[in-house]
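Spelled out from the first residue to the last, the chains are:
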Amino acid sequence: MSACVPTRNDHPSRGSRPPRASGIKRTHSPPPPPRGRRFRVSGANLSASITVFLIAVPMSLGLAVAMDAPLEAGLVSAAIGGIVAGLLGGAPLQVSGPSAGLTVVTAELIQIYGWRTTCAITIGAGLLQILLGSLRAARSALAVSPAIVHGTLAGIGVAIALAQLHIVLGSTPQSSVLDNALALPAQLTHLSPAAPFIGGLTIALLVLWPRLPGRVGLMVSRIPAALAAVAIATAVAAVATPGIARVDLPSWSSHALPELPQGSTAALATAVLTVMLVASLESLLSAVAVDKLAADRAAAPPKDGTTPATPVKRSDLDRELRAQGIANALAGMFGGLPVSGGAVRSSANVRAGATGRSATVLHGFWVLLAAVLLVAALEWIPLAALAALVMVVGIQMVSFAHIRNVHKHREFPVYGATITGVILAGVLKGVAIGIAVAVVIALHRLARTRITVSEQEGRYLVTVRGQLTFLAVPRLSRTLGRLPQGADAIVELDGFFMDHAAYETIQEWRTSQIALGGRIVFTGRSGGRIGEPASAAHSCCRPWTPWRNHHCHDRSEHAIESAASTASSSTASSSTATASTSAPASTAPTTDRRGAHWLLRGLSSFQRTTAPLVREELARLAAEGQRPSQLFITCADSRLVTSMITSSGPGDLFTVRNVGNLVPLPDTEGESSDDSVAAAIEYAVDVLKVESITICGHSGCGAMQALLGGAPDTPRTPLWRWLRHGLPSLDRMKSRHHTWARISGRLPADAVEQLCLTNVVQQLDHLRAHDSVARRLAAGTLQLHGMYFHVGEAQAYLLTEGESSGTGPDEVFARVAPGPEHGTEPNWDPSRGSGPELTAELAPESTPQPCGAPVRTAHAVPGTAVDA
């Protein structure tokens with residue numbers, strides 16, 4: 001495997017910690033860039049800001065037309081959204097401006113309360129957003145079903161498209177969606193050709209502009225389609241239809257500011273809540289989408305030899321919500337439209353190459369300058385062109401990809417009910433209708449349980465399809481009661497939830513059947529045997545599988561004392577098991593892990609349950625000697641169980657564990673040198689003739705945290721003398737000559753994870769410096785692998801090969817997907833690099849074991865997906 005290209009680190013030194021006020025969480029995000037460079041304006045950001053500005057101006061004017069608001073209000077919101085939300089927001093690449101999702105809501109508010117009161121409602125919504133952001137409620141807002149969110153946006157898009165279609169046809173929109181739909185036939189019979197011609201031309205340009213073929217298409221694709229469509233339509237209108245209705249920007253001296261709201265308190269509170277809800281959801285969803293776009297751009301290989309895109313840290317959604325609130329409060333105060341993050345502007349910003357918030361802020365300044373200096377030019381734009389632009393945006397809000405996705409997850413009724421509710425009853429009532437339908441469907445699915453019984457050769461098969469809740473208990477109890485007493489039965493459970501009432505019903509039936517001589521086995525849909533319930537007694541352990549029962553040798557306190565006094569496995573085996581990994585903490589013995597007899601209990605359990613199964617295999621290995629195919633170098637961390645995560649058994653791995661999975665360079669000399677790792681490498685490579693070497697790091701490594709925390713100038717303790725071998729990894733992470741090592745699909749969570757990944761890369765380089773390794777690599781008889789194990793996710797990642805060794809694109813740790821249940825190969829994508837060679841050896845199904853159920857003993861190298 002080629003060398004991994006580690007992380008480029010433009011971060012400050014270990015001693016330079018970000019202040020609390022910076023809003024940067026040290027434990028959840030990479031360190032911030034150096035001070036003084038946070039708002040550095042690069043060429044890419046300047047170019048992106050101009051691109052977004054050219055899209056934002058016609059979009060802002062078009063949304064103001066759609067809301068029947070003062071046209072200058074759209075420019076005010078675009079400027080405030082760009083500058084204020086750009087400076088203060090938690091999503092650096094998101095571009096904020098007039099909210100397309102609030103078009104219908106704002107238009108209705110203007111009709112009911114007037115423009116100045118609508119501005120006051122916008123201020124109230126902004127203050128509420130600030131409060132929710134301060135309470136860290138942003139993530140909770142994303143807990144709403146995606147079918148409801150996308151249904152809401154789609155309903156708003158339908159309303160926008162119908163309203164703007166009237167302007168494109170040369171008329172004015174009605175007050176509601178139904179009125180707009182009913183008025184269309186009459187409108188089509190009284191057409192004036194000017195507005196439909198300009199609107200149709202604008203729509204055609206918006207659709208065809210990005211699809212122009214050949215060299216001409218490549219050249220003009222750099223011009224945003226929105227700008228090109230509006231500019232060409234304006235030029236054509238100036239010649240062909242000089243009398244068409246155009247933009248009218250009044251003097252700024254007559255710009256309307258907010259006034260104190262007048263009306264029903266409940267109605268005003270509902271209006272504030274609606275504006276806040278839609279604007280917040282639109283902004284947060286857009287921020288999440290921008291993160292995905294930025295991650296995809298960073299993960300994509302560079303084109304034409306250009307520098308790879310710099311990874312951008314994930315958005316701080318609470319900070320973004322607070323910034324949106326401040327922007328809305330200021331927009332309402334200065335007479336602007338409600339502000340939210342926009343998917344159209346933000347995606348254009350990412351695709352234009354923006355790398356930081358300076359692009360967003362600059363776009364706001366350009367809009368502000370245009371509002372002051374380009375009034376005469378803007379007043380040439382036909383209203384039909386702006387209406388056509390907004391109509392296309394509304395149509396794009398009805399995403400067929402979202403429809404397919406919700407249909408695949410059987411949530412289309414929720415999606416359809418939300419759209420219908422938004423169109424017929426308004427946004428807030430439509431969301432409430434969608435939530436109600438979602439709850440009803442969830443309850444229906446929870447209560448829909450099918451229970452069938454069949455008999456095969458005197459043994460009964462009870463099949464349960466669906467979730468087992470108290471609603472299904474009467475049917476379940478009636479079905480189980482019909483089975484003969486003491487009969488053998490297999491209960492196949494095909495569901496992911498069982499409440500307490502259903503559990504007690506099954507447990508009581510099982511106990512009575514066993515007492516009468518019956519044999520009851522619980523399986524999943526595939527027929528694989530599943531473990532006992534958490535509170536059930538474990539008469540024995542199934543060694544190695546399932547791993548969650550690795551403490552099933554734990555006994556009550558009385559049994560512990562008996563085992564200690566007799567040291568007899570028979571005494572231990574006669575004890576009743578009361579503890580399991582899922583048992584409540586209050587029932588666990590107080591001396592479980594800290595008592596003097598914990599090791600004795602583990603040894604006794606091994607001799608009773610595991611030794612009979614492995615004795616023959618270990619005897620063979622003792623006679624033939626060890627012949628492992630893998631050298632596995634990993635950390636000494638107690639949470640890293642190598643045999644478990646690699647599904648390996650005796651004789652498979654030659655394992656070296658040390659603090660930080662470090663490989664000292666072979667030329668390290670002096671009194672503090674350590675040859676133990678080098679000796680193990682030489683023995684494994686030259687004597688054992690291993691075929692591959694894997695260096696495995698892991699999440700939350702204490703050694704990497706210690707390195708980030710800073711070491712004393714002169715190593716005084718054995719720990720620091722050892723950790724000095726990790727200093728090259730720290731230097732490599734800080735180096736400007738290396739790009740960031742990454743995990744496929746996401747960026748490193750924080751600086752500790754980044755150093756853990758970089759350390760694997762650096763230690764592979766140290767490994768290549770050993771003479772024995774270098775000789776075998778040159779001969780092509782040895783492979784090197786990098787691996788990262790995320791403890792909290794129980795997920796392994798393997799280092800993929802780059803296009804060259806150390807000079808090509810940065811290396812990515814790719815996720816190892818689960819393989820087929822009885823196969824030996826995981827789901828590996830060869831296009832993402834070569835994975836490790838995988839082998840598996842399954843023991844015979846007839847291997848005896850105390851529980852009477854066969855146990856598969858799997859031996860595999862790191863990365864295999866074979867079940868143990």
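This is a predicted model, so every value here is computed, not measured. (Residues numbered from 1 in each chain as written. Predicted model: local features only at pLDDT ≥ 70, side-chain atom pairs only at ≥ 80, totals over all residues. Heavy atoms only, no water.)

It is worth spelling out empty space enclosed by the protein at this point. Over the atoms, a rolling probe the size of a water molecule traces out where space has been left empty. Under the defined criterion, the tally for this structure stands at two cavities of 30 Å³ or more. Put simply, the second largest cavity is a space of about 40 Å³. Forming the walls of the second largest cavity are V149, T152, L153, L277, V278, L281, V427 and V431. Grouping the constituent residues of the lining of the second largest cavity by class yields seven nonpolar, one polar and no charged. (1 Å grid on protein atoms, 1.4 Å probe; cavity = no way out; pocket = protein on both sides within 12 Å on 5 of 7 lines; lining within 4 Å. Points joined across faces, edges and corners; volume = space filled by probe spheres on them. Nonpolar A, V, L, I, M, F, W, Y, C, P; charged D, E, K, R; others polar.)

Two numbers describe how helix α6 (residues 146-168) lies on helix α18 (residues 412-425): the axes approach to 8 Å, and their chain directions differ by 40°. Taken together, the axes of α6 and α18 lie oblique to each other. Here α6 and α18 pass one another in a crossing that is right-handed. Contacts between α6 and α18 involve A147, I148, H150, G151, T152, A154, G155, I156 and V158 from the former and V414, Y415, T418, I419, V422 and I423 from the latter. Taken together, the residues of the contact of α6 with α18 break down into 10 nonpolar, five polar and no charged. (Axes fitted to C-alpha atoms, helices over the stretch in contact; angles between N-to-C directions. Helix = DSSP H or I, 4+ residues; strand = E, 2+ residues; numbered from the N terminus. Parallel < 35°, antiparallel > 145°, perpendicular 65-115°, else oblique. Left-handed = near helix turned anticlockwise from the far one by under 90°. Contact = heavy atoms within 4.5 Å.)

A few words on the sheet that holds strand β5 (residues 489-494). Spatial ordering of the open sheet is given by β3-β4-β5-β6, a layout of four strands whose pairing is mixed. Of all strands in the sheet, those bounded by a partner on one side alone are β3 (450-456) and β6 (520-523). When the angles between neighbouring strand axes are averaged without regard to direction, this sheet yields 15°. When β5 meets β6, the two strands line up parallel, connected through four bridges. In the sheet register, V491 faces β6, and the bridge partner there is F522. The sheet contacts of helix α20 (residues 473-481) involve β3 and β4 (459-465), and relative to β3 the element is tilted by about 10°. The sheet strands contacting helix α21 (residues 500-515) are β5 and β6, and the helix crosses β6 at an angle near 145°. (Pairing = 2+ DSSP bridges.)

Note: β3 against β4, seven bridges, orientation antiparallel. Paired with S454 across the two strands is L461, which belongs to β4. Two successive antiparallel strands, β3 and β4, enclose a turn made up of two residues, where E457 displays a positive phi of approximately 55°. Two strands pair when backbone bridges link them, and β4 and β5 are joined in this way by six bridges, in the parallel orientation.

With that out of the way, let us pick up the confidence of the model for the protein chain. Averaged over every residue, the pLDDT of the protein chain is 76; the share at 70 or more is 76%. Counted against residues more than four places away or in other chains, residues 1-37, with its pLDDT under 50, gives 110 contacts. Taken together, the stretch residues 822-868 has pLDDT below 50 and engages in 114 contacts with residues farther than four places along the chain or on a different chain. (pLDDT = per-residue confidence, 0-100.)

On the surface, I435, V439, L443, L446 and F497 cluster together into a nonpolar patch covering about 420 Å² of accessible area. Its location among the elements puts L446 in helix α19 (residues 427-447). Classification of L446 as partly exposed rests on a relative accessible area of 32%. (Patch = residues over 30% accessible without salt bridge, like charges linked within 9 Å, V, L, I, M, F, W, Y side chains within 5 Å. Areas by Shrake-Rupley, 256 points an atom, 1.4 Å probe, with all protein chains shown as cover. Salt bridge = Lys/Arg side-chain N within 4 Å of Asp/Glu carboxyl O. Buried < 20%, exposed > 50% of the residue type's maximum accessible area, 1.4 Å probe, protein only.)

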